[in-house]
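Now for the letters of each chain:
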Amino acid sequence: MNNTEMTPSSTPWFFACQVGDVPRNGGVCVKRGTEQIALFHFARTDSWYATENLCPHRRQMALSRGMTGSAGEMQEPKVACPFHKKSFSLLSGKCLSGEHYQIKVYPVKVEAGNVYIGKDPIRQDIDASGEYLECAS
C-alpha cells in the first residue's frame with residue numbers, strides 16, 4: 001500500500017529520483033527547493049512513503065535516516081527518529097509514541113522506474129466528521 005491510494009487524480013507530482021537511488025528497507029532525503037522530504041521504500045511489500053524530513057520533537061532534519069518498521073496488529077508502517085526514537089506513522093503522520101506531534105505525509109507513485117512525490121501533503125487535519133483537528137507541533 002502506498003499513500004498514492006488516498007490521492008486525488010488531480011495531484012501535481014514532482015520527480016524525486018529513480019527506484020535504484022533508494023536503499024531497500026531504508027530512506028533518503030529528497031530536496032525540493034528549501035524543503036526536505038524523507039522518502040522510504042519497504043522492499044518486502046514494495047511500498048513507498050514520503051514524509052517531511054523534520055522530526056518535530058527536537059526540530060532536526062533526521063527522519064530519512066530513521067529506523068523503519070511496522071506497529072500494531074495492522075502492521076502500520078512507521079519511522080523512528082534516529083536521535084530520540086519518536087515514532088511516526090507513515091500513513092497518517094501521527095506520533096505513535098504517545099505525544100501530540102504530527103508530521104506531513106506526501107503521496108508517492110512509481111512509474112517506469114522513476115519515483116514521484118506529490119507536491120502537496122495529504123490533508124491530515126480533518127477528522128472523520130470533517131472537523132479540523134488542532135495541530136500540536
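Notes on the structure in this doc start here. (Residues numbered from 1 in each chain as written. Predicted model: local features only at pLDDT ≥ 70, side-chain atom pairs only at ≥ 80, totals over all residues. Heavy atoms only, no water.)

Some thoughts on the environment of Glu52
No. 1: By the secondary structure assignment, Glu52 is in strand E4 (residues 47-52).
No. 2: The buried category is assigned to Glu52, whose relative accessible area is 16%.
No. 3: The spacing of Glu52 and Tyr106 is 54 residues in sequence and 7.9 Å in space, taken between C-alpha atoms.
No. 4: If sequence neighbours within four positions are ignored, Glu52 has contacts with Gln36, Ala38, Leu63, Gln102, Ile103, Lys104 and Tyr106. (Helix = DSSP H or I, 4+ residues; strand = E, 2+ residues; numbered from the N terminus. Buried < 20%, exposed > 50% of the residue type's maximum accessible area, 1.4 Å probe, protein only. Contact = heavy atoms within 4.5 Å.)

Description of the pairing of strand E7 (residues 67-71)
No. 1: As defined by bridge partners, E7 adjoins strand E8 (residues 76-80) across 5 bridges and the pair is classed as antiparallel. From the neighbouring strand, Thr68 faces E8, where its bridge partner is Val79.
No. 2: Connecting E7 to the next strand, E8, in antiparallel fashion are 4 residues, including Gly72 with a positive phi near 75 degrees. (Pairing = 2+ DSSP bridges.)

Looking at the packing of aromatic side chains
Where two aromatic rings form a pair, the distance of their centres and the angle of their planes describe that pair.
No. 1: Under the definition given, this model contains 2 aromatic pairs.
No. 2: Their ring planes at 75 degrees and their centres at 6.0 Å tell us that Phe15 and Tyr116 sit as a pair that is edge-to-face. With Phe15 in strand E1 (residues 13-18) and Tyr116 in strand E12 (residues 114-118), the pair connects residues that are 101 residues apart, well separated along the chain.
No. 3: Between Phe42 and Tyr49 the ring centres are 5.4 Å apart and the planes differ by 80 degrees, which places this aromatic pair in the edge-to-face class.
No. 4: For Phe42, a relative accessible area of 14% translates into the label buried.
No. 5: The ring of Tyr116 is capped by Lys109, whose NZ or CZ atom sits 5.8 Å from the centre of that ring. (Phe/Tyr/Trp six-rings, centres within 6.5 Å; stacked < 30°, edge-to-face > 60°. Lys NZ or Arg CZ within 6 Å of the ring centre and 35° of its normal.)

A closer look at the layout of surface pockets
No. 1: The computed volume of the second largest pocket comes to approximately 240 Å³.
No. 2: In terms of lining residues, the second largest pocket is bounded by 15 residues, among which Phe42, Arg44, Thr45, Gln75 and Pro77 are the most central.
No. 3: Of all the secondary-structure elements, those providing two or more residues to the lining of the second largest pocket are E4, E7 and E8.
No. 4: Among the residues forming the lining of the second largest pocket, the class breakdown is 7 nonpolar, 6 polar and 2 charged. (1 Å grid on protein atoms, 1.4 Å probe; cavity = no way out; pocket = protein on both sides within 12 Å on 5 of 7 lines; lining within 4 Å. Points joined across faces, edges and corners; volume = space filled by probe spheres on them. Nonpolar A, V, L, I, M, F, W, Y, C, P; charged D, E, K, R; others polar.)

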